[in-house]
Amino acid sequence: MKDVEPLAMRTAPWTIPLLTIGIFVVDLLTPVGIAVSILYVIPLLLTVFRSKDQESLYFCGLATSLLWLGLFLKPPGSSLLYGVLNRTLGTVVLWILALGLIRFRRLRHESVQAGRELMSERVERAHAEGLMMEAQQARYYADREAVRAVVGRKEAEEQLLVSQLRLESIIESAMDAIITVDETQRVVLFNHAAEQMFGCSTQEAIGQPLDRFLPARFREGHRQHVQRFGRSGVTSRKMGQLGAVMGLRSNGEEFPIEAAISHVSVERTRYFTVVLRDITERKHAESLLQETTERSRLLMQYAPAALAMLDRDLRYLAVSQRWITDYRLEDQILIGRSHYEVFPEIPERWKVVHQRGLAGEVIRCEEDCFVRQDGAEQWLQWEVRPWYTIEGTVGGLVFFTEDITKRKQDEAALHESQRQLSTLIGNLPGFVYRCQNNRNWTFEYLSEGVSDLTGYSVSEYLVERSISYGDNTHPGDRERVWQEIQAAVAQRRPYETTYRILTRAGEVKSVWERGEGIYAMDGGLSYLEGFVTDITERKRAEHLLRQSEERYRRLIAISPYAIFVNRGDRILFANDQAIKLFGAVKAEEILGKSPLDLFHPDYHRVIQERIHELVEGRPQVPMFEEKVLTLGGKPVDVEVSAARFVDEEGPAILVMLRDIGERKRLQEQLRKTERIAELGTVASGMAHEIGTPMNVILGRAEYLMDRVTDESIKKGLQTIVTQVERITRVMNQLLSFARRKTPERGALDLKQVVEDSLEMFHERLVRSRIQVELSLADPCPMVLADADQMSQVMINLVMNAVHAMPEGGTLRVTLAPEPQMVRLTVADTGHGIPREVIKKIFDPFFTTKEFGKGTGLGLTVVKGIIEEHQGSIAVESQEGAGTTFTILLPQS
Amino acid sequence: MAKEKTAVLLIVEDDREMRSLLCDEFCGMGYQLREARDGDEAFLSVLQSVPDAILTDLRMPAGGDDYVSRLRTVAPQCPIVVMTAFGDARLKAQVLKAGANAYFDKPVHIAELKDCVQQLLNHGPGAERR
């Protein structure tokens, strides 16, 4: 094809008209029925080799005209219809063919468009070379003819003429400028192309020095160069071997030329023929190409994407910088190496993709994981695209990849964070919201938690709008919440509030809310965002805690125990009882002291041991009797228990103390009382048995006294009588203990009791010269007491007073109301009770009276009776001045 | 005084020495004495003939406050003087309620007893002393 094409191209211009005319003549000569006109197809096909696209169409038009003209010129005859039909068919075939040819030419034209410039260059160069060859061949023939001239001059002259004609036509039609100079470098031949190239006619050029066509700076060099070439013996040098030289047009313009030179000697004259080509266009195209190449190289290299261009064997042709950095290939040479060599870890599935790409498919993938050789995962978005050679075949592949690992990680992180947020919001014991700032708090967004809190679903708030949060707010709190939030919004600060809500079930819940206004760009409030949580339980717990604290606080305050807290050997807290126990007035007096300072030194060792045990972790230590020292240094018997507790400040010890001095005293007294009671019981049993014998003794003694006259006997008998009387008194006292019956208490007028008792002693008091002063409140509240016991109390006290005033004196008895009590005082002006014995006067069998006068039980009985009545008795006495007993008894 | 000398006094006492003492004392006073050793004897004695006065122990066989009531039923007008060893207020109240005219805790001065009996005989029932 390639060989046929130039030949056809050259012959077509004259072949086509000849053929056409021939066919037209044949058509005229043949009968109408024979379809000679179809032969127009041949010249039509030849138009393919013509350079102009439209030529086929023009020819087709011409052929159609000729075809129908032939029909008109011929005599019609019988087969006219047939003739019309076959000509119509022929016309259709011609036109289809013509259109098909145009289409074919256009496709070919497009496919070779990219390389066209170079192609035409190459074609022209080949053409010029061809001309050169022919010129040489022609010269060869000329030479040979010259030799042959001797043999056949005529023939030779003929041949020479033919050859000269041929050469001339070649030279004239050559597209390159051909200039021949003689030894003096004057132009002897200047063809048409040279005229055009240099803008100088042949007439002007002939005889001119060649220098004229060269820029001045090349002239000398060129002359020498041509002479060196002439001496070299080389007959020709091809186009381009001289390198690019510059030509000079007649208008002074310089232009690049490519030159070929040959020299020949004719009749000893040396001629140099140069074939010149204006390569301005080519240079321009070359630089344009270079620029384009450079631009695409830069584009490729610095593209902000990982790009690689590979050939069919997947060897790298070009890569972008990004490709190198993305795949960490900085230390490798890539160009020329195989993709699979660079990435041995490429998975099979990708190799399949590459094969598909090479087969012409474009394959994309949005997300793919590339496990690198070192195990690292690289997430890629890739595209594999084939690239095509100018022949239209796949030249290789272009890879476009983007490392989306970071994006993937970010997406995963974002996804995880969204998931966490949603889980978090989902698990919140409350809900988050976005709402409008109106009294309904119209929600725009709401988390699921709202349904747990209020009992209404999210859709009821957001979709159906059948309930509003404003309705949920407790009516008692609505206005306050509104005001609080408005105030916060006005000041652009977050708000925090606690209020009650009403749930669907009608329950009241306490909630805590925190939120803030979200403001638009123009400063206006867009909406509110915040969080609401249920604090009902917390509120309840707080309330219970407060109650509990209050309870314990009170418990400690009113506790009969002295309580203090010891931390780090310092007393931190002490209740009122403790303050009292240690004899302090203010808590400050003992706070901050070491507990050891407050305990009796005998117990320091054991206390330290107990503290140590507690600090070591024992929860509590058992009750232990110890002695504390008051601030005044007085020892007090106490019972101590202690427990360890831990709070936010660390471990501490809670110490509880009970003053057991009083208890000890009571125990002692009880012991004594019990002894007396036992004695009373014995006495009671004995009473009857000894009563009669005693009466016999007494009676007999008195009987005898009446019958004896001897004074000494009488005195002896009197002693017997006195002693029996004494025994009788003791027995009576004992019996009064033993026979203490359950008092029959009722409202009792003490005034009556007092008066009766004094009446009973009237004679005795008068005899003892004792004045009685009564001061009895009238009316005086009744007391709750037993009449007999009160009489006994009164009798005993009056007897005491009488005994205290053997020389006479004043007995003062007063009765006065006290708050809830009645006070009875019995005072004498007797000898008084010595200080050292005053504590013992209530003890059983203690008596100051002379032998035989007192039983030592009188005041013991009185105290017993008064205490049984929840009353109290106290004594004041001053030696020599008298004694006052003060009794307090509860009112009835 | 002749009338007094003929007054009959019933002494009821289970203790022999005490009875003897009382008899010695009151005999010297010129009363006609009758003796009983327990409640039953006393009751029978009163049934036989009501004395002018009865001086009785309380805590003895067939004694007690019931015994005093029984005596009072058979001898409604007769003064009854009761004495008992280390009695108490309640016993005293019961005895007086049962019909006794006087009550004494032993040991008692015989003189007091004498005074009491004398008064009762002179003035009739009603006198009462501790």
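Residues numbered from 1 in each chain as written. Chains lettered and ligands numbered in written order. Predicted model: local features only at pLDDT ≥ 70, side-chain atom pairs only at ≥ 80, totals over all residues. Heavy atoms only, no water.

The helix and strand tally for chain A stands at 26 helices and 28 strands. Since a compact globule built from 892 residues should have a radius of gyration of about 29 Å, the 73 Å found for chain A marks it as more spread out than a globular shape. The dimensions of chain A, computed from C-alpha atoms along their principal axes, are 240 × 80 × 50 Å. Among the 892 residues that make up chain A, the fraction classed as buried is 39%. Intrachain contacts of chain A at a sequence separation of at least 6 include 54% that bridge at least 24 residues. Only carbon and sulfur atoms are counted for the fraction: they give 56% of the accessible area of chain A, which is about 51,300 Å². (Helix = DSSP H or I, 4+ residues; strand = E, 2+ residues; numbered from the N terminus. Rg over C-alpha atoms; globule rule 2.2 N^0.38 Å. Buried < 20%, exposed > 50% of the residue type's maximum accessible area, 1.4 Å probe, protein only. Contact = heavy atoms within 4.5 Å. Areas by Shrake-Rupley, 256 points an atom, 1.4 Å probe, with all protein chains shown as cover.)

Residue and element names in this part refer to chain A. Scanning the entire structure with this criterion turns up 54 salt bridges over all chains. The salt bridge partner of Arg-610 is Glu-626, with a shortest N-O separation of 3.4 Å. Here the residue Arg-610 occupies a position in helix 21 (residues 604–615), and Glu-626 occupies one in strand 19 (residues 620–629), the gap between them amounting to 16 residues. Arg-610 sits in the buried class, given a relative accessible area of 10%. Overlapping salt bridges, with partners in common, bring together Arg-364, Glu-366, Glu-383 and Arg-385 in one network. (Salt bridge = Lys/Arg side-chain N within 4 Å of Asp/Glu carboxyl O.)

All names here are of chain B. Between helix 2 (residues 16–28) and helix 6 (residues 110–123), the shortest axis-to-axis distance is 11 Å and the interhelical angle comes to 55 degrees. Classified by the interaxial angle, the pair formed by helix 2 and helix 6 is oblique. In this structure, helix 2 meets helix 6 at a crossing whose hand is right-handed. Residue-level inspection shows Leu-21, Leu-22, Glu-25 and Phe-26 of helix 2 in contact with helix 6, the latter providing Ile-110, Leu-113, Lys-114 and Val-117. Among the residues forming the contact of helix 2 with helix 6, the class breakdown is six nonpolar, no polar and two charged. (Axes fitted to C-alpha atoms, helices over the stretch in contact; angles between N-to-C directions. Parallel < 35°, antiparallel > 145°, perpendicular 65-115°, else oblique. Left-handed = near helix turned anticlockwise from the far one by under 90°. Nonpolar A, V, L, I, M, F, W, Y, C, P; charged D, E, K, R; others polar.)

A few words now on the confidence of the model for chain B. All names here are of chain B. Overall, the prediction assigns chain B a mean pLDDT of 86, with 91% of residues at 70 or greater. Confidence scores differ between elements of chain B, with helix 1 (residues 2–5) showing the lowest mean pLDDT of 46 and strand 1 (residues 8–12) the highest of 94. Low pLDDT (under 50) marks residues 125–130, which in the prediction has 16 contacts with non-local residues, meaning those over four places away or in another chain. (pLDDT = per-residue confidence, 0-100.)

With respect to the element layout, Lys-751 of chain A can be found in helix 24 (residues 750–767). Within the structure, the side chain of Lys-751 of chain A is placed 3.2 Å from the side chain of Asp-778 of chain A, a separation counted as a polar contact. (Polar contact = N/O pair within 3.5 Å; in protein donor to acceptor, adjacent residues only side chain to side chain.)

The subject of this paragraph is the packing of aromatic side chains. All names here are of chain A. Inspection of every chain in the model, using the stated rule, returns 24 aromatic pairs over all chains. Ring centres of Phe-431 and Tyr-469 lie 5.7 Å apart, and the angle between their planes is 80 degrees; this geometry places the pair in the edge-to-face category. One end of the pair, Phe-431, is in strand 12 (residues 430–435); the other, Tyr-469, is in helix 17 (residues 469–472), with 38 residues separating them in the sequence. Considered together, Phe-431 and Tyr-469 belong to a single accessibility category, that of buried residues. Both rings, one in Phe-842 and one in Phe-885, keep their centres 6.4 Å apart while their planes meet at 75 degrees; by these two values the pair is edge-to-face. Taken together, the positions of Phe-842 in the loop between strand 26 (821–827) and helix 26 (858–868) and Phe-885 in strand 28 (residues 882–890) put the pair 43 residues apart, joining distant regions of the chain. One exposure class covers both Phe-842 and Phe-885, and it is buried. One aromatic cluster is present, formed by Tyr-316, Trp-323, Tyr-327, Phe-343, Trp-350, Phe-370, Trp-382 and Phe-399 through successive ring pairs. Here the guanidinium or amino end of Arg-249 rests over the ring plane of Phe-255, the centre of that ring lying 3.9 Å away. (Phe/Tyr/Trp six-rings, centres within 6.5 Å; stacked < 30°, edge-to-face > 60°. Lys NZ or Arg CZ within 6 Å of the ring centre and 35° of its normal.)

What follows concerns the interface of chain A and chain B. Counting residues at the interface gives 21 residues for chain A, matched by 18 residues for chain B. Together chain A and chain B conceal approximately 1,800 Å² of surface at their shared face, both sides included; 58% is due to carbon and sulfur atoms. Linking chain A to chain B there are one salt bridge. One salt bridge connects Arg-700 of chain A with Asp-24 of chain B, and the closest N-O pair in it is separated by 2.7 Å. (Buried area = accessible area lost by both parts, 1.4 Å probe.)

In this section: the sheet that holds strand 3 (residues 53–57) of chain B. Residues and elements named next belong to chain B. With respect to topology, five strands assemble into an open sheet ordered 2-1-3-4-5, the strand pairing being parallel. The sheet is open, and its two edges are formed by strand 2 (32–36) and strand 5 (102–106), each paired on a single side. Between one strand and the next, the sheet's axes are offset by a mean angle of 15 degrees, whatever the strand orientation. As defined by bridge partners, strand 1 adjoins strand 2 across five bridges and the pair is classed as parallel. Note on strand 2: the bridge partner recorded for Ile-11 is Glu-35. (Pairing = 2+ DSSP bridges.)

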